[in-house]
Amino acid sequence: MPEPGHLPKKTEIHPTSFVDPQATLGRGVQIGPWCVVGPHVRMGDDVRLHASVMIEGHTVVEEGVEIYPFTTVGYPPQDLKYKKEPTRCHIGARTIVRESVTIHRGTAQGAGETHIGRDCLIMANAHIAHDCVLGDGVIIVNNVVMGGHVIIGEQARIMGSAALHQFVRIGRGAVVGGLCGVEMDVIPYGSVLGNRARLVGLNWVGLKRAGVDAGEIQKMRLAFRELYPRIRGGDALLGERVKAVRQKYGHIERVAEMLHFMEAPTRRGLTRPGRGAAWEKDDEG
């Protein structure tokens, strides 16, 4: 018997909703009107579906997730190679998914799972495609779309109506500007802008908000300038610059993370620097 004042939370399901008897629901789940929950869905404690939310497939929704109306989760991917394999979808704890978001399950040709980390915010009308992986604390702003197999690192910010090409990697703490088309990888803590994304510096504002020491930010600025000097050589020289920066600044954790990302295998290549403020007006550093 629970102690007085510590009664189990009651799960509430609106009578207009359909929850398959085989679905697994935690304590304190609240399911509003006109929702549908499929047989292979597993929900943690205190999940809330506001109204008209559809969750299908082998989908896990961790504790404290809140999903707003007209969102679909775990439905088949928009991929003609998909042949109804039992692939998966996963939403991490305390993530908030706003209105009219679509989150598709993975594919057998990919990782087999679409994964959203903990404490994310997915704003209205965004599309999370098959096999995408979002780290913890990612924010996806309204109308963002992404192709399959996109990887977004922790604490990254994707601003409104940006479009991410399939297989693109967005590094931890990076920021993608609004209306930006991203066709190549964005380095950790990088900042990209433009109709076709160009690297314009590091995410100085995000680093400050994260409490990064001013001295470390200054060293990151110097490392970035050496990686991407004002007078830029061809791509063949980038490897040499990476080695030089590692010798000087490789002991700094965030710089080492950037260098590791730049040397990792990539399907899309790295976003190239563009003209602009990072080299001429980087007072934010």
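Structural data are supplied above this passage.
Residues numbered from 1 in each chain as written. Predicted model: local features only at pLDDT ≥ 70, side-chain atom pairs only at ≥ 80, totals over all residues. Heavy atoms only, no water.

On a plain count of helices and strands, the protein comes out with 5 helices and 28 strands. For the protein, the spread of C-alpha atoms along the three principal axes comes to 65 × 50 × 30 Å. Scored against the burial criterion, the 285 residues of the protein give a buried share of 49%. Considering only residue pairs separated by 6 or more positions, the protein has 33% of its internal contacts joining residues 24 or more positions apart. Surface summary for the protein: the accessible area is close to 14000 Å², and the carbon and sulfur share equals 53%. Placing the 35 positive and 31 negative side-chain charges of the protein at their respective mean positions leaves the two points 6 Å apart. (Helix = DSSP H or I, 4+ residues; strand = E, 2+ residues; numbered from the N terminus. Buried < 20%, exposed > 50% of the residue type's maximum accessible area, 1.4 Å probe, protein only. Contact = heavy atoms within 4.5 Å. Areas by Shrake-Rupley, 256 points an atom, 1.4 Å probe, with all protein chains shown as cover. Lys, Arg positive; Asp, Glu negative; His and termini not counted. Charge placed at Lys NZ, Arg CZ, Asp CG, Glu CD.)

For a regular strand, side-chain orientation follows a simple rule: the groups alternate between the two sheet faces. In this structure, strand β25 (residues 175-176) lies alongside strand β27 (residues 190-193), joined through 2 bridges in parallel fashion. For Val175, the partnering residue across the bridge sits in β27 and is Ser191. Where β27 and strand β28 (residues 198-202) come together, 4 bridges link them in antiparallel fashion. Paired with Gly190 across the two strands is Leu202, which belongs to β28. Where β27 hands over to β28, the hairpin turn is made up of 4 residues, of which Gly194 adopts a positive phi near 110°. (Pairing = 2+ DSSP bridges.)

We now examine the packing of aromatic side chains. Tallied over the full model, the rule gives 1 aromatic pair. For the pair Phe224 and Tyr228, a centre-to-centre distance of 5.2 Å together with 45° between the ring planes defines the contact as tilted. Each member of the pair, Phe224 as well as Tyr228, is classed as buried. Above the face of the Tyr68 ring, Arg98 is positioned so that its terminal group lies 3.9 Å from the ring centre. Its end group placed over the ring of Phe261, Arg169 keeps NZ or CZ at 3.9 Å from the ring centre. (Phe/Tyr/Trp six-rings, centres within 6.5 Å; stacked < 30°, edge-to-face > 60°. Lys NZ or Arg CZ within 6 Å of the ring centre and 35° of its normal.)

What follows is about the packing of helix α3 (residues 238-249) against helix α4 (residues 253-263). α4 packs onto α3 with a crossing angle of 155° between their chain directions and a minimal axis gap of 10 Å. When the interaxial angle is binned, α3 and α4 end up roughly antiparallel. For the crossing formed where α3 meets α4, the hand is left-handed. In this structure, α3 contributes Leu238, Val242, Val245, Arg246 and Tyr249 to the contact, and α4 contributes Val255, Leu259, His260, Met262 and Glu263. Considered class by class, the residues forming the contact of α3 with α4 number 7 nonpolar, 1 polar and 2 charged. (Axes fitted to C-alpha atoms, helices over the stretch in contact; angles between N-to-C directions. Parallel < 35°, antiparallel > 145°, perpendicular 65-115°, else oblique. Left-handed = near helix turned anticlockwise from the far one by under 90°. Nonpolar A, V, L, I, M, F, W, Y, C, P; charged D, E, K, R; others polar.)

So, about the sheet that holds strand β24 (residues 169-170). Read from one edge to the other, the open sheet built from 8 strands follows the order β3-β6-β9-β12-β15-β18-β21-β24, with strand pairing classed as parallel. Strand pairing shows two members of the sheet lacking a second neighbour, β3 (24-25) and β24, which therefore form its edges. In this sheet, strand β9 (residues 58-61) lies alongside strand β6 (residues 42-43) in parallel orientation, the contact comprising 2 bridges. From the neighbouring strand, Met43 faces β9, where its bridge partner is Val61.

Core analysis: the biggest nonpolar cluster contains 72 residues, and Ile152 and Ile170 have the highest contact counts within it. For this core, the secondary structure elements donating two or more residues are β12 (88-91), β28, α1 (204-209), α2 (214-227), α3 and α4. Excluding residues that lie within four positions of it along the chain, Ile170 makes contacts with Ile151, Ile152, Gly153, Ala156, Ile158, Leu164, Val176, Val182, Val186 and Phe261. (Core = buried A, V, L, I, M, F, W, Y, C linked by side-chain atoms within 4.5 Å.)

This part takes up unusual backbone geometry. Phi is positive for His149, which is not a glycine, with a value near 70°. For His149, the position within the fold is in the loop between β20 (145-146) and β21 (151-152). Even without a glycine there, the phi angle at Tyr189 is positive, about 70°. Following the sequence through the fold, Tyr189 ends up in the loop between β26 (181-182) and β27.

Because an α-helix completes one turn every 3.6 residues, residues spaced three or four positions apart along the sequence face the same direction. Compared with an ideal rise of 1.5 Å per residue, which puts 14 residues at 20 Å, α2 spans 20 Å between its outermost C-alpha atoms and is within 8% of the ideal. Of the residues that open α2, the one with a side-chain oxygen 2.8 Å from the backbone nitrogen of Gly215 is Asp213. (Expected span 1.5 Å × (residues − 1). Polar contact = N/O pair within 3.5 Å; in protein donor to acceptor, adjacent residues only side chain to side chain.)

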